[in-house]
Amino acid sequence: MNAPVLRTEHRQQQALSPRLQQAVRLLQLSSLDFAQEVMDALGRNPFLEADESEDAPATPDAEGAPLAADALTSVTVPEATEAPDYGSSDSAMERDAERDSWQADGSSGNRKREDGELSLMDTMAVQHSLAEHLHGQLNLLPLSLRDMALAKAIVESLDDDGYLRVPLEELAQVCELDPEATLEEMQIALKRVQSLEPAGVAARSVQECLLLQLPAIECSHQRALAQAVISEKLDALAAKDVNSLSRFLSRPVEEVEAVCARIRRLDPRPGWRYGAANIQYLTPDVIVRKVRGQWVATLNPAIVPKVRLNRVYAELFQRHRNGMHAELAAHLQEARWTVRNVEQRFSTIVSVAQAIVNRQRHFLEYGAMAMKPLGLREIADEVGLHESTVSRVTNNKYMATPLGVFELKYFFSRAMATAGGGTCSATAIRGLIKDMIEAERPEAPLSDAEIARQLARQGLVVARRTVTKYRQTLRIEAVERRRKHV
């Protein structure tokens, strides 16, 4: 029987310090998340304060003065030559009146100025939701309390697209009426809501939504053909299979094309017309400009959190520091780490962005087809970082160029061999495919196989399935859906 044996081994293992772990975590955050992280630290840490100085990062001037890509300098905003006179009592009273008018509660009705006209805020359009729009129409109908309750229950169950996704049986139980609403009453209430504007609201499917909008087609013959297409051949309509629809309707191809075009003018999402649009904007981290013939990447000052170490509190703590203030010592250490991480994060982003710009300057000059193959290792070797760090820097970071705003990862692509022994980036091939499709004839679009053959004639060996993947990445439809009958 073997006896247990104790053995000691020496093993070397890399461990990240808490400061390094925090720096790595903050580096991979987007600008919005990073700013929120800094603001949270500013709220809970007494040693951090908002930097309210008037200094701002310098940008290239009109004459094209050179800028450092890895540093931010500060400039002082010159004072106005003639300052307005704010010292008089009349101007002070005007400012107070203007401030009171802006701070006034808009819910108390329209406030008129002294000349009797409405203010600018009173003339702005108010966004109404779909439910508010439908409730306003229901209030004008002579309905009983029971019918009104059922109709409003349906309105409140609509989604953002204007569709009713909840079965009528479940809605009848939710209403909690006495006696309980029957299925027939719910169907009547549904018809009432479907008769409201916008047309197609409260539909339970795309087919029903389009059928509810058919009265908008003035021509009775075209309306009948559209009803047949929507009721029986909606899949063929989505696939743009005009030949199949022509055989089904026994009508000429030109007439079927006109019917399909009229159907596509209907709104499959009537609820989108109401409510504020949820538009998400991107704020670039880096701005690229051409300065004296050279492309220079500079940090966008709008994304830099204005935070600094409160030196007064820090010096007071250092003078009166003792063992009883361990929590304050941790706060001071965290504040110093936060300030250093802000500086290190943005200097790293600018360094990586400038290295990318140096490698991809032909893209900035000539477009996507001039993109060169680029890997993380090339940028990592140039800026002296690890590949994983470069990957974190390029994640959710955006660069504003004269050609548009791109994610930093957009500039990286693998090398693809050409027939001449050279290499070409996948981004350049995607740009070439896009140009080919844009130049094709509508009645004879290019298939993926034909695009692959044309690329081969230009010395680019690309498989047909790779062309299909790139076309789908560009959000371009297949050849049959691009074909138009003349």
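Residues numbered from 1 in each chain as written. Predicted model: local features only at pLDDT ≥ 70, side-chain atom pairs only at ≥ 80, totals over all residues. Heavy atoms only, no water.

**Regarding the overall build of the protein chain**
(1) Moving on: Secondary structure summary: the protein chain contains 21 helices and ten strands in total.
(2) Moving on: Here the protein chain holds 486 residues, and the buried ones make up 35% of them.
(3) Moving on: When contacts within the protein chain are restricted to residue pairs at least 6 apart in sequence, long-range pairs at least 24 apart make up 60% of them.
(4) Moving on: A total of about 31000 Å² of accessible surface is found on the protein chain, and carbon and sulfur atoms cover 51% of it. (Helix = DSSP H or I, 4+ residues; strand = E, 2+ residues; numbered from the N terminus. Buried < 20%, exposed > 50% of the residue type's maximum accessible area, 1.4 Å probe, protein only. Contact = heavy atoms within 4.5 Å. Areas by Shrake-Rupley, 256 points an atom, 1.4 Å probe, with all protein chains shown as cover.)

**Notes on a nonpolar patch on the surface**
(1) Moving on: Taken together, the side chains of Val312, Tyr313 and Leu316 define a hydrophobic patch exposed on the protein surface, amounting to about 280 Å² of accessible area.
(2) Moving on: A relative accessible area of 37% places Leu316 in the partly exposed class. (Patch = residues over 30% accessible without salt bridge, like charges linked within 9 Å, V, L, I, M, F, W, Y side chains within 5 Å. Salt bridge = Lys/Arg side-chain N within 4 Å of Asp/Glu carboxyl O.)

**Digging into the sheet that holds strand 8 (residues 404-407)**
(1) Moving on: If you trace the four strands from one edge of the open sheet to the other, you get 5-4-7-8, paired in mixed fashion. Of all strands in the sheet, those with a lone pairing partner are strand 5 (294-299) and strand 8, marking the two edges. Between one strand and the next, the sheet's axes are offset by a mean angle of 30°, whatever the strand orientation.
(2) Moving on: Pairing of strand 4 (residues 286-291) with strand 7 (residues 398-401), which is carried by two bridges, proceeds in the parallel orientation. Opposite Val286, over in strand 7, you have Met399 as the bridge partner.
(3) Moving on: Along the sheet face, helix 14 (residues 326-359) touches strand 4, strand 5 and strand 7 and points at about 160° away from the line of strand 5. (Pairing = 2+ DSSP bridges. Axes fitted to C-alpha atoms, helices over the stretch in contact; angles between N-to-C directions.)

**Some thoughts on the pairing of strand 7**
On a regular strand, one side chain projects to one face of the sheet and the next to the other, so that they alternate.
(1) Moving on: On strand 7, burial covers both faces: Tyr398 and Ala400 on one face and Met399 and Thr401 on the other are all buried.
(2) Moving on: Here strand 7 pairs with strand 8 via four bridges, running antiparallel. Across the sheet, the residue bridging to Tyr398 is Glu407, located in strand 8.
(3) Moving on: The turn linking strand 7 back onto strand 8 is made up of two residues.

**With respect to the side chain of His135**
(1) Moving on: Along the polypeptide, His135 turns up in helix 4 (residues 130-138).
(2) Moving on: Here the side chain of His135 touches Glu156 through a polar contact of 2.6 Å, side chain to side chain.
(3) Moving on: For His135, the contacting residues outside a window of four places in its chain are Lys152, Val155 and Glu156. (Polar contact = N/O pair within 3.5 Å; in protein donor to acceptor, adjacent residues only side chain to side chain.)

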